[in-house]
Structure formats: C-alpha cells, structure tokens
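# Working through the structure, step by step
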Amino acid sequence: MRIGSLLYPAAISASLMSFAAVSVLAEEATPVRLETTVVTATRTAQTVDETLASVTVITREEIERGQYQSLPDLLATIPGVQVNQDGGLGTNTSIYLRGTSTNQTLVLVDGIRIRSATTGAASLQYIPLSQIDRVEVVRGPRSTLYGADAVGGVIQVFTRSGEAGTRGEVTVGGGSHGTAEGRAFFATASGNSHYSLGIGHLRSDGIDAQKNDVPDAFGWGNTPDEPDKDGYREDSLSVRFGHEFSPGNSLQFTGLHAEGESEYDGTSQNSADFIQQALGLTLHLLPTDTLSVTAQASQSQDRSENFLDGTFSSLFDTKQQQFSVQGDLFLRDSDVLTIGNDYTKDKVRSDTDYDERSRDNSALFTQYQLEHMNHSILVGVRYDDNEQFGSHTTYNAGYGLRLPHDLKLGLNYGTAFRAPTFNELYYPDPWGWGGGNPDLKPEESTSYEISLQQSLPNAYWRTSIFRTEIDNMISGWPAENISRARIDGVELDGGYRLTSQWNISAAITLQDPKDRDSGNLLARRAEQMATVNLDGDFGKARVGVTAQGFSERYDDGANTVRLPGYGLLHLRGEYDIAPNWLLQARIENVLDKEYEEVATYNTPGRSAYLYASYRF
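Bear in mind the structure is a predicted one, so any value in this text is a computation, not a measurement. (Residues numbered from 1 in each chain as written. Predicted model: local features only at pLDDT ≥ 70, side-chain atom pairs only at ≥ 80, totals over all residues. Heavy atoms only, no water.)

## Overview of empty space enclosed by the protein
Across all of its chains, the model carries nine cavities of 30 Å³ or more by this definition. Its boundaries defined by the atoms lining it, the largest cavity holds a volume of some 690 Å³. In this structure, the largest cavity is lined by 37 residues; those nearest its centre are Gln69, Asp73, His570, Glu588 and Tyr595. Sorting the residues of the lining of the largest cavity by element identifies helix H3 (71-75), strand S4 (81-85), strand S12 (193-207), strand S28 (541-550), strand S31 (566-578), strand S32 (581-588) and strand S33 (607-615) as the ones contributing at least two each. Per-element accounting of the lining of the largest cavity gives the leading share, five residues, to S31. (1 Å grid on protein atoms, 1.4 Å probe; cavity = no way out; pocket = protein on both sides within 12 Å on 5 of 7 lines; lining within 4 Å. Points joined across faces, edges and corners; volume = space filled by probe spheres on them. Helix = DSSP H or I, 4+ residues; strand = E, 2+ residues; numbered from the N terminus.)

Here it is in structure tokens:
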C-alpha cells in the first residue's frame, strides 16, 4: 500500500466510524479518566489521560497476564512499534518507533540512558523482562527533555520495587527449543524504608539463527554454513533500596544487571558474552510545598566480548556517566515550571583503535505546563552543548482541549536530533575501506501530531495522525549526511469490555515511511501493522488470544529485496491451582507460520511453554 494524499481524511473517517458504536453504547454513563500514572512524557507525574503525548503504559500485571517471553515481544504489541530480530531469543534486535530507526529511539532504565556508544542502539534483547515492573512508551519527539536520540520517542523501563509492602514470588518453567527459566522476587517495607531484590536465570538452546549457505540479501556472497542451534543464556539481578527521611525527602538506589551469552551465525564472530547494567542514586527534596528538586547520579554499561567458534574476536565496552538536577515549581492549582540540567559522558574501551574514546554533553532545559478550564498547554526548550559537534537547540509545544462527551483533542509539535555514534565518527580505517567521519552533523527532525481520544466506563480509544521529517540522515560508509526521510502515519488503538468476563483491545498502525530523495520505502518498515487481544477472566481461570499482522516490507533501501507480509496467532491461559499457586501455559505461533523479519534469518515456529509460580 502507498499512503498518499487521501491518508488523513480516510483515517479520520475510519477512526470515527470504528469507535462510534463504543461511544453510543457508553454515552449515557458517567465518563471516567485513565488514572495510570506516567512520568516519561514530561519528566513529571501525570495520568495518561492528562498528558498531551501519545503514551502506552504496560504494568507488571499486564506483563504477567500477557506471558511475554522478552521485552522485544512485549514492545511488538504497542501501537506504532515494530520489532525485528536476527534469529531467535537474545539475537540482535531492531525497533522502529513510528518508522524511525533503532538509534533514533531513546531507551531509559529507571531514568538512566542505556545504549551502546559505538552503535548508538540499546540492546533491548538483553534487558530482562523478569526484573521489570512497568514499561512506558512515549511516541513522538522528546529531545527537549532528554536530548539526543529521542526522535521517534522514548521507551522507559522501571525495575520492580518494594514500596507496596512485603511480598514475594518464585517462578519456574520452560518449554520449546530447550528453554528453561527460574526467577524469584522479594520486596518488603519497614518504617520509612523499602527494599526489593529480584534474580533470574534464563537459558534456551534456540534455533538456527540464519539460513545456511544461501545468497546474502545484499549480494555480498552466501550466508555462513553453520547448521546448528544458536542458544542464549541470561543471568539477571535487580535491587532497589529507598528511605524517606521526612515527607517528600528521600534517597533511593536502583540497580539492574544482566549478563550471559548469545549465539548467532557469522563469518568473523558467532557468539557474544554480554553485560547490560544500569546503576543510579536519586535524591528527592521538597524544600517548600511548591518546589520539588530531584538529583540523580548514574552509570550505564553496554559490554560485548565477541568470539568466533570460541576464539576471541573483538571487545566493545561502553559506559555512560550521567548527572542531572531538576527543579519543579508548582504554580497556582496545576501549572508546573520545570528547569533542569543534564550532563553525560560517554567512554569507549575496545580492542578497536578508535580515533577518540570519550565525549561529553551538557544541557539546560525548561518546560512549562499550564492547565486552565478545558485547555492544556505545554512548551519546552533545551540547549545541548556537545564536545564533538557543538551546540543544538530543540523545541516542543503541545495543546489539549477537552470537548463534550469526554473527548480530548491534542496538537503537538516538536524538534529532535540524533548524535552521530562513535562508529560513524571515529571508526579506524586500517584496510583502506573508509573509516569514521568526524565532520558528521547530527540528524535533525521536525514532527507534527493531531490526536483525538475518549475514555468511557467500559471503553477507551485514541487516534493519532503524525508526520516526522528527518534531515541530515547519516548513510553509507564512510558515513555522510546525505539522506532525508518523511514518515506519515496514523495510529488507532482502543479497548472495550464486551461482558463481565471478556475484554477486547486492538492497535492498528498505518504509515508511509519514505526516503524523500529516492521515493523508496525505508528498509524493513511495514506500512500496516495490527494487534488484537481477546482476554477472558473466569475467576480462577483466565485465557487470552493475540493476533498480529504485518504487511510486506523491503529488506534494503533500494527496495529490491521483498519480505512478504505475515500474520501470527498466540494462545495463553492460566489457572489458580491452589491458594498462592498459579499455573500458566502459552502457545506461540499456533499456526506454525513461516516468515522472515530480516532477510535470510529464521524465526521460531510453533512453540509451547509451561510455568508455575508461588506467590506470598
């Protein structure tokens, strides 16, 4: 499908017709607000209904009910998100948020930036789902709050906490592909202190990551002839300690650590020992009733030691030190003035002889949120000063209007940028094939969005129309600022309580991700994506069905290697077999569909898993 000039009116008509029945059924009831709290959209606490941004929040309860195996599996169900993996569990993962690339999406863990400074991408496949309490996904630019890389949006992961009192759980299970998993979590609170500890172990024999000895999609020869299973092993730990000295004044430490081994197919390397880590110390102060101050010192690490058949091949170990101070001044009843300062320093340790091994970035930002009667206004600006490419200023503005029947109209505008990676800037050129380009400029983007949403007692829906234009896109090797892109799209998502036992929800994304110079589709982006969930709750027993569909894509920017569209069906169920005991089962890819997310790479067929949990 090519989404042309008729996309916007067609999408608006479709969205209004799709949810008209829901509105009619519920218009006589008293509307309710979506009360789930989100902090990523504005760096302050708001409900999902109050924020002007397009936001999805996945809670721990929803993670457990969905029985997702990994963070990429969970993210693939969110509106506007497409996930591709180069093989099975633990292999390289790419995420396209509203059609933008992996390194144009910012990933945070408890407010801490996490990514590889050499590739610019976060290793989402290594973030352990067992240690996650909540995931917030903000769609649309957020560089005015977070700086570089928040072009398509922000994904923030929050680790599990002990603030809800004493509780714990132990879970064991496994299934297809030699998969086995065990995890435990304990949390308690005593007086003004709270503690939590989570541990996990996951292993899988995996699948053969890539088709063997077939022509490579890019014409570089044949793929490796390695007809073996590519396994995955992960050990994870999360800790959290917090103490409130007095009302509003507290200190909290958070830590997330994951390490293990990931196998894949390759001619120069075919396995990696990895470490993903995020450590942070956060101080909250409430000097007055109208002023809140937050300071955080943190460090993240992305380490990959690579091997070929057990022999050392390469090492990439990047760390990012981060310091931030933020003040929130609460004015009148609901207005908030935010002023903050961020400092980050990237360091690279590698056997590769980079021309530079560190750089720092300082930033100042401010944001004002205003609520008056039925109107909401947000404006923000940020100034970044980077050691490598100089200064960059970004802006953001939003407007919301509450309409009759609990409808809410939203308008958003924002600019963003992506900083060039160490590979793009400083990679050496020992063989004369070209190296990094230190003269690269940041990629720059401008985004627009209009949205309409409604929250009702038994239903909710939201539709968003967006456009993102990206200039100075970095392409080729040696890398140059030579490309431009435009991504137009529509997102529709909603849910409805069919009966007291059954709920249905759906998310649909239609987009036109184009290279503005060639007119080709951007590589590996689907133009249509859809997810439908049907869940039933029968007291002790609960069941669910998920259907996913993706249209055809092209594996390359020249649009010569076509990847067919595909659909998947997943089943899940759980049963309270005794007090505190839960049995869960799921079947993925029920119809045993053969498909490719990336050309020449395999995907799992029909798979079944069984888990048992004891909770106290």
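## With respect to the pattern of salt bridges
Within the structure shown, the criterion is met by 40 salt bridges. Across the salt bridge formed by Arg303 and Glu305, the nearest N and O atoms sit 3.4 Å from each other. Note on Glu305: relative accessible area 21%, which makes it partly exposed. The closest approach of N and O atoms between Asp576 and Arg542, which form a salt bridge, is 3.0 Å. Note that Asp576 is positioned in strand S31 and Arg542 in strand S28, a separation of 34 residues in sequence. For Asp576, a relative accessible area of 24% corresponds to the partly exposed category. Where salt bridges share partners, they join Arg98, Arg139, Glu449, Arg462 and Glu491 into one cluster. (Salt bridge = Lys/Arg side-chain N within 4 Å of Asp/Glu carboxyl O. Buried < 20%, exposed > 50% of the residue type's maximum accessible area, 1.4 Å probe, protein only.)

## Focus on the packing of aromatic side chains
Counted under the stated rule, the structure contains 17 aromatic pairs. Plain terms: the ring middles of Phe422 and Tyr426 are 5.4 Å apart, the flat faces sit at 65 degrees to each other, and that makes the pair edge-to-face. Placement of the pair is Phe422 and Tyr426 together in helix H5 (residues 422-426), with a separation of four residues, close to one helical turn. Residue Phe422 shares its accessibility class with Tyr426, and that shared class is buried. In this structure an aromatic cluster arises from ring pairing among Phe186, Trp581, Tyr614 and Phe616. Of note, Arg98 hangs over the ring of Phe466, and the distance from its end group to the ring centre comes to 4.4 Å. Its end group placed over the ring of Phe185, Arg160 keeps NZ or CZ at 4.0 Å from the ring centre. (Phe/Tyr/Trp six-rings, centres within 6.5 Å; stacked < 30°, edge-to-face > 60°. Lys NZ or Arg CZ within 6 Å of the ring centre and 35° of its normal.)

## Here we look at the confidence of the model for the chain
Considering every residue of the chain, the mean pLDDT works out to 92; 94% of them sit at 70 or more. Confidence over residues 1-33 falls short of pLDDT 50; this stretch has 45 contacts with residues more than four positions distant or in other chains. (pLDDT = per-residue confidence, 0-100. Contact = heavy atoms within 4.5 Å.)

## Topic: the sheet that holds strand S9 (residues 153-159)
The five strands lie next to each other as S3-S8-S9-S6-S7, forming an open sheet whose pairing is mixed. For this open sheet the edge positions go to strand S3 (54-59) and strand S7 (112-113), each flanked by a neighbour on one side alone. Summarising the sheet, strand S8 (residues 132-139) and S9 pair through seven bridges and their orientation is antiparallel. Among the inter-strand pairings, Ile132 is bridged to a residue of S9, identified as Thr159. (Pairing = 2+ DSSP bridges.)

## Looking at the pairing of S8
Burial analysis of S8 places seven of its eight residues in the buried class, the great majority of the element. Relative to S8, S3 runs antiparallel, the two being bridged by six bridges. Note that in S8 the partner of Val55 across the bridge is Val138.

## Some words on the environment of Leu407
Along the chain, the position of Leu407 falls in strand S22 (residues 407-418). C-alpha of Leu407 to C-alpha of Gln453: the two residues are 46 residues apart in sequence and 5.7 Å apart in space. Setting aside anything within four residues of it in sequence, one finds Leu407 in contact with Leu401, Arg402, Leu452, Gln453, Gln454 and Trp461.

## Focus on unusual backbone geometry
Here Trp477 and Pro478 are connected by a cis peptide whose omega angle stands at 0 degrees. When you line up the elements, Pro478 lands in the loop between strand S24 (459-475) and strand S25 (480-497). The phi angle at His405 is positive, at roughly 65 degrees, despite the residue not being glycine. Relative to the helices and strands, His405 is located in the loop between strand S21 (390-403) and S22. Exposure remark for His405: the relative accessible area of 56% places this residue in the exposed category.

## Examining the nonpolar core
Counting residues in each nonpolar core, the largest one holds 26 residues, and the members touching the most others are Leu71, Leu75, Val81, Ile127, Ile132, Val135 and Val137. Of all elements in the fold, only H3, S4, strand S5 (93-97), strand S6 (105-109), S8 and S9 reach the threshold of two or more residues within this core. For Ile127, the contacting residues outside a window of four places in its chain are Leu71, Val107, Val109, Ile132 and Leu256. If you look at the next biggest cluster of nonpolar residues, it comprises 10 residues, including Val348, Tyr426, Leu440 and Ile474. (Core = buried A, V, L, I, M, F, W, Y, C linked by side-chain atoms within 4.5 Å.)

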